[in-house]
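The lines below spell out each chain.
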Amino acid sequence: MRVNFTVNGRPQEADDVWEGESLLYVLRERMGLPGSKNACEQGECGSCTVRLDGVPVCSCLVAAGQVEGRDVVTVEGLADFAQQRSESGCATGACGTSLQDAQQWRAKGTDSQTGEGTELSPIQQAFIDAGAVQCGFCTPGLLVASDELLERNPNPSDADIREALSGNLCRCTGYEKIMDAVRLAAARQSEGV
Amino acid sequence: MDFLRPASWEEALAAKAEHPTAVPIAGGTDVMVEINFDHRRPEYLLDLNRIGDLTEWEVGEESVRLGASVPYTRIMENLRAELPGLALASHTVASPQIRNRGGVGGNLGTASPAGDAHPALLAAGAEVEAESAARGTRLIPIDEFYTGVKRNALQPDELIRAVHVKKADGPQQYSKVGTRNAMVIAVCAFGLALHPETRTVRTGIGSAAPTPVRAKAAEEFLNAALEEGGFWDNGKIITPSVAKQFADLCSAGCNPIDDVRGTASYRRHAVGVMARRTLTWTWESYRGTRRTIEGAA
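None of these values were measured; they are calculated from a predicted model.

What follows concerns the UniProt feature "domain: FAD-binding PCMH-type" (unreviewed entry) in chain B. Here the UniProt-annotated "domain: FAD-binding PCMH-type" (unreviewed entry) positions come out as residues 1–170 of chain B. Between the first and last C-alpha atoms of residues 1–170 of chain B the distance is 48 Å; the span itself is 29% helix and 26% strand.

Right, let's talk about the pairing of strand β5 (residues 63–67) of chain B for a bit. Residues and elements named next belong to chain B. The pairing of strand β4 (residues 57–59) with β5 spans 3 bridges and is classified as antiparallel. Across the sheet, Trp 57 pairs through a bridge with Leu 66, a residue of β5. The antiparallel hairpin formed by β4 and β5 contains 3 residues in its connecting segment. Pairing analysis gives 5 bridges linking β5 to strand β10 (residues 159–166), with the strands arranged antiparallel. Note on β10: the bridge partner recorded for Gly 67 is Ala 162.

Let us now look at the interface of chain A and chain B. Taken together, the contacts link 23 residues of chain A with 25 residues of chain B. No other element matches the 4 residues that strand β4 (residues 55–58) of chain A contributes to the side of chain A that touches chain B. Looking at the side of chain A that touches chain B residue by residue, the class counts come to 10 nonpolar, 10 polar and 3 charged.

All names here are of chain B. We note that the domain assignment places domain 1 (2–166) and domain 2 (172–296) within chain B. Placing a centre on the C-alpha atoms of domain 1 and another on those of domain 2 gives a separation of 25 Å. Contacts between domain 1 and domain 2 engage 23 residues on the former and 24 residues on the latter. Of all elements in the fold, only α4 (84–91), α7 (117–124) and β8 (146–148) reach the threshold of two or more residues within the side of domain 1 that touches domain 2. Looking at the side of domain 1 that touches domain 2 element by element, the count peaks at 7 residues for α7.

Of note, the phi angle at Thr 173 of chain A is positive, near 55°, even though the residue is not glycine. Within the secondary structure, Thr 173 of chain A sits in the loop between α6 (158–164) and α7 (175–191). Within the chain, Met 183 of chain B stands out as a residue other than glycine whose phi angle is a positive 50°. Structurally, the position occupied by Met 183 of chain B is in the loop between β11 (172–177) and β12 (188–195).

Thresholds, definitions, all that
- Residues numbered from 1 in each chain as written.
- Chains lettered and ligands numbered in written order.
- Predicted model: local features only at pLDDT ≥ 70, side-chain atom pairs only at ≥ 80, totals over all residues.
- UniProt positions renumbered as here; feature names shortened; annotations may be inferred.
- Helix = DSSP H or I, 4+ residues; strand = E, 2+ residues; numbered from the N terminus.
- Pairing = 2+ DSSP bridges.
- Contact = placed C-beta atoms within 7 Å.
- Nonpolar A, V, L, I, M, F, W, Y, C, P; charged D, E, K, R; others polar.
- Domains from an automatic or database assignment.

Below is the structure:
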């Protein structure tokens, strides 16, 4: 079957989708967006977390056919998504991330290790600055979940952060640095940095 | 496999009548796991996401009509006062990502003895609104809904449209045993609701019998003991011997098995502990409310 939906602000079309296929599979294997990770395939690990109509969900548990006409944001589009949010909408009328840009997306942080540029969302930059990335497998899911938390709750308590990230597993067990990163992003957000 | 995408409830019922083997999918948090792991290859998937009123609820005089697909997140946010037991149970469901998708309709459809909503529904009192194109709507009392391990009273051509849950008329509690707070299938779970209006107590036990069950003998004992001691009127502390007897009868109301999550004897023990604790919590809350009301008068 064919599925039409919006990925990172741009309309996309997936063809020859098997009816039992997950949104995760469509994103990774048909759209070439491997940022959302495939691990447990049962909603336990959160590494496939994306926003579906703004809501964080495990993309491995959404049937591809269910996203027809709906709006998906993946980690590849997170920087643009966050920028658009900070500008309260799309000023130029040409926002979002094209499939090609999303496929080629690389972290470009403001430190020496990730190159020049400012094409990171605040939460991504905070993860780098706090040293919250170890093997990196859980990072995309955590970024999407953390970004949504800070959108909903700009000043979260530690308990709020733990609750919001309770569906994302990090098997390097770097949770303390991840907590640091979210606290850092929240502090920067409240200071308007 | 065929993917059926009804745009309305009527279309969904027609599709289910035409293809009784169709598997309804809403949040997908049960169905997609089975498909991903190749445990299930349904001939038809019946997507209910496009039917908007399944995610709505209405608060009535006596009960809340909760759409089958209202996500657990919405229940926690919006129905804490009306359905405190179910809101507490919703908190214990998996993770935010899962609570954003899953709803009570899916819990009922899957009818796993470990489903988190069941003990809360049993304790509060509820009816499942099932509908078919051929025979229309019927309300199935929650006590008659669970018929076996992952079996329920639905007919092949029926879909769950909503669940009517009695609004709380007194304190309710919910307790669940697992290895951590998030992402846990209950080792066992317990729901308790005080119903001061009828001077009764209702229970719900999860994951400790082939189906979710009420501990009816324990309820009857406690109802009699509370009545006899005039507890509903005098608001005295529950006698420890009464609490213990209630807990023992709740344990006895279980029919658990040994499995990877826990042994039968552990489950029986834990249900007793949860029964005693939830009774204490709810009763203290009831006494506190009584004092407030008396103090104000």
